[in-house]
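# A closer look at the structure
Each chain is listed here by its residues.
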Amino acid sequence: MSLKKSLLLISLVLSLPCYSDDNVSSIDKMLAIKNSQVTLQTAIKAGKERALLCGYCHGKDGNSVKDTIPNLAQQNPEYLLKQFQLFASGERKNYVMEQLADILTEQERINIALYFSSQIVNSAAHEGLVDYSAEASAESLLEGQHRYQSFCFACHGESGEGNKDLPRLAGQKKAFLVKTLNGFKRGGGSRASSPMVKIMKAVNDAQIEPLARYISNMR
Ligand code: HEC
Ligand code: HEC
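Thresholds applied
- Residues numbered from 1 in each chain as written.
- Chains lettered and ligands numbered in written order.
- Predicted model: local features only at pLDDT ≥ 70, side-chain atom pairs only at ≥ 80, totals over all residues.
- Helix = DSSP H or I, 4+ residues; strand = E, 2+ residues; numbered from the N terminus.
- Buried ≥ 20, exposed ≤ 12 C-beta atoms within 10 Å, placed from the backbone.
- Contact = placed C-beta atoms within 7 Å.
- Core = buried A, V, L, I, M, F, W, Y, C linked by C-beta atoms within 7 Å.
- Near = placed C-beta within 6 Å.
- Nonpolar A, V, L, I, M, F, W, Y, C, P; charged D, E, K, R; others polar.
- Axes fitted to C-alpha atoms, helices over the stretch in contact; angles between N-to-C directions.
- Parallel < 35°, antiparallel > 145°, perpendicular 65-115°, else oblique.
- Left-handed = near helix turned anticlockwise from the far one by under 90°.
- Expected span 1.5 Å × (residues − 1).
- pLDDT = per-residue confidence, 0-100.

When helices and strands are tallied, the protein chain shows eleven helices and zero strands. Helices (α) and strands (β) of the protein chain occur, in sequence order from the N terminus, as α-α-α-α-α-α-α-α-α-α-α. Within the protein chain, the proportion of its 219 residues that are buried is 31%. The contacts of the protein chain with a sequence gap of at least 6 include a subset with a gap of at least 24, amounting to 72%.

Here it is as structure tokens:
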């Protein structure tokens, strides 16, 4: 990595926003529940029941039913909690999600986050959907891999697993990734306060498709 790139990354990491007090206390409560198998299993069971409503769009097990709707399966529970909070405060905009986040109690948010994070994501690779045969797609996968592993890995992990409120990306839906990265690139729109807006300034439009292709195929 060049010095210029390393400095850019360090300054980006340092500029990440901190949790609000609300979110810190939710996360502490969630971690306390996770500490015991008994309370964890009870929370996951309650979360599964409450998440029936979400299944209509995100899939019962968090593998979404539509390519433009994100998978929630295997997502880091801290990230899920943070997004509920951003939807509830209107900082992240989506009509349905803002209404839903608003009606869920803190306990329900914690249970649902623990439930979805305990599910396994079916990445495109798992479903055998990767088309390595076409020259163009193999090339594009490599281009995406190169870009991801020289930059994005610093926050989202070499295997795309993320960490706490840094989201897991591996196996995410490709169309959702393309839509979301384009949105960040154009100034954030519905997610204007996201640190990704600044980060996407270092990515060209033409790199978005290969990045999304590579990420959706990570497992
Ligand atoms: C009518 C469809 C619909 C329903 C029902 C729905 N969602 Fe969503 N959800 C969406 C869409 C669309 C997005 C993506 C919004 C965007 O592009 O920013 C989303 C985004 C999210 C995100 C952010 C994920 C990410 O990777 O950034 C979370 C978390 C989430 N939903 C949780 C839930 C939960 C929990 C429920 C049930 C209580 C639920 N959703 C019900 C459509 C729905
Ligand atoms: C400095 C750390 C950092 C770097 C580097 C970084 N990200 Fe992110 N990324 C984040 C954070 C933090 C979030 C959560 C943002 C939010 O809450 O809106 C995020 C969110 C995302 C999301 C939305 C995920 C979802 O489920 O909604 C995508 C997609 C994404 N990043 C892709 C990338 C790609 C591709 C790169 C490399 C070009 C990259 N990120 C580099 C910190 C980073």
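Still to come is the rest of the account.
Attention now goes to the nonpolar core. Membership of the largest hydrophobic core comes to 19 residues, with the highest contact counts inside it found for Met-30, Leu-80, Leu-81, Ile-110, Ala-113, Leu-114 and Phe-116. Listing elements by their share of this core, those giving two or more residues are helix H2 (21-34), helix H5 (77-89) and helix H7 (106-117). It is H7 that contributes the most residues to this core, six residues altogether. Residue contacts for Leu-114: discarding those within four places in its chain leaves Met-30, Ile-33, Leu-40, Ala-43, Ile-44, Gly-47 and Pro-77. By size, the runner-up hydrophobic cluster in this structure holds 14 residues, among which are Phe-151, Leu-181, Ile-208 and Leu-211.

The next point concerns the site of ligand 1. Neighbouring ligand 1 are 18 residues, the closest being Cys-54, Cys-57, Pro-70, Gln-83 and Asn-94. For the shell around ligand 1, the secondary-structure elements that each account for two or more residues are helix H4 (52-58), H5 and helix H6 (95-103). Taken together, the residues of the shell around ligand 1 break down into 14 nonpolar, four polar and no charged.

Their axes nearest at 9 Å, the elements H5 and H7 cross at an angle of 140°. With respect to H7, the element H5 is oriented oblique. You can see that H5 and H7 cross each other, and the crossing is right-handed. Note on element contacts: H7 touches H5 through Arg-109, Ile-110, Ala-113, Leu-114, Phe-116 and Ser-117, opposite Pro-77, Leu-80, Leu-81 and Phe-84.

This paragraph deals with H7. Each full turn of the α-helix corresponds to 3.6 residues, which orients residues three or four apart in the same direction. An ideal rise of 1.5 Å per residue puts 16 Å on twelve residues; H7 measures up with 17 Å between its terminal C-alpha atoms. Of all the twelve residues making up H7, nine are buried; the element is thus mostly covered by neighbouring parts of the structure. Taken residue by residue, H7 has Arg-109, Ile-110, Asn-111, Ile-112, Ala-113, Leu-114, Tyr-115, Phe-116 and Ser-117 as its buried positions.

Summarising the model, the protein chain shows a mean pLDDT of 90, and 85% of its residues fall at 70 or more. Here helix H1 (residues 3-14) stands out as the element of the protein chain with the lowest mean pLDDT, 66, in contrast to H7, whose mean of 98 is the highest.

This next bit is on the packing of helix H3 (residues 37-50) against H7. When two helices pack together, you describe them by how their axes are tilted relative to each other and by the distance separating the axes. Two numbers describe how H3 lies on H7: the axes approach to 7 Å, and their chain directions differ by 95°. Here H7 runs roughly perpendicular to H3, going by the angle between their axes. Facing Leu-40, Ala-43, Ile-44, Ala-46, Gly-47, Lys-48 and Arg-50 of H3, the residues of H7 in contact are Glu-108, Ile-110, Asn-111, Ile-112, Leu-114 and Tyr-115. A per-class count over the contact of H3 with H7 returns eight nonpolar, two polar and three charged.

Take Lys-66: it is sitting in the loop between H4 and H5. In this structure Lys-66 comes out as exposed when scored by C-beta crowding, with 12 C-beta atoms within 10 Å. Put simply, Lys-66 and Tyr-56 are ten residues apart on the chain and 9.9 Å apart in space, counted from C-alpha to C-alpha.

Take the environment of Asn-122 next. Note that Asn-122 resides in the loop between H7 and helix H8 (135-156). Given 18 C-beta atoms within 10 Å, Asn-122 falls into the partly exposed group. In the structure, Asn-122 is positioned 60 residues away from Gly-62 in sequence and 9.4 Å away in space, judged by C-alpha atoms.

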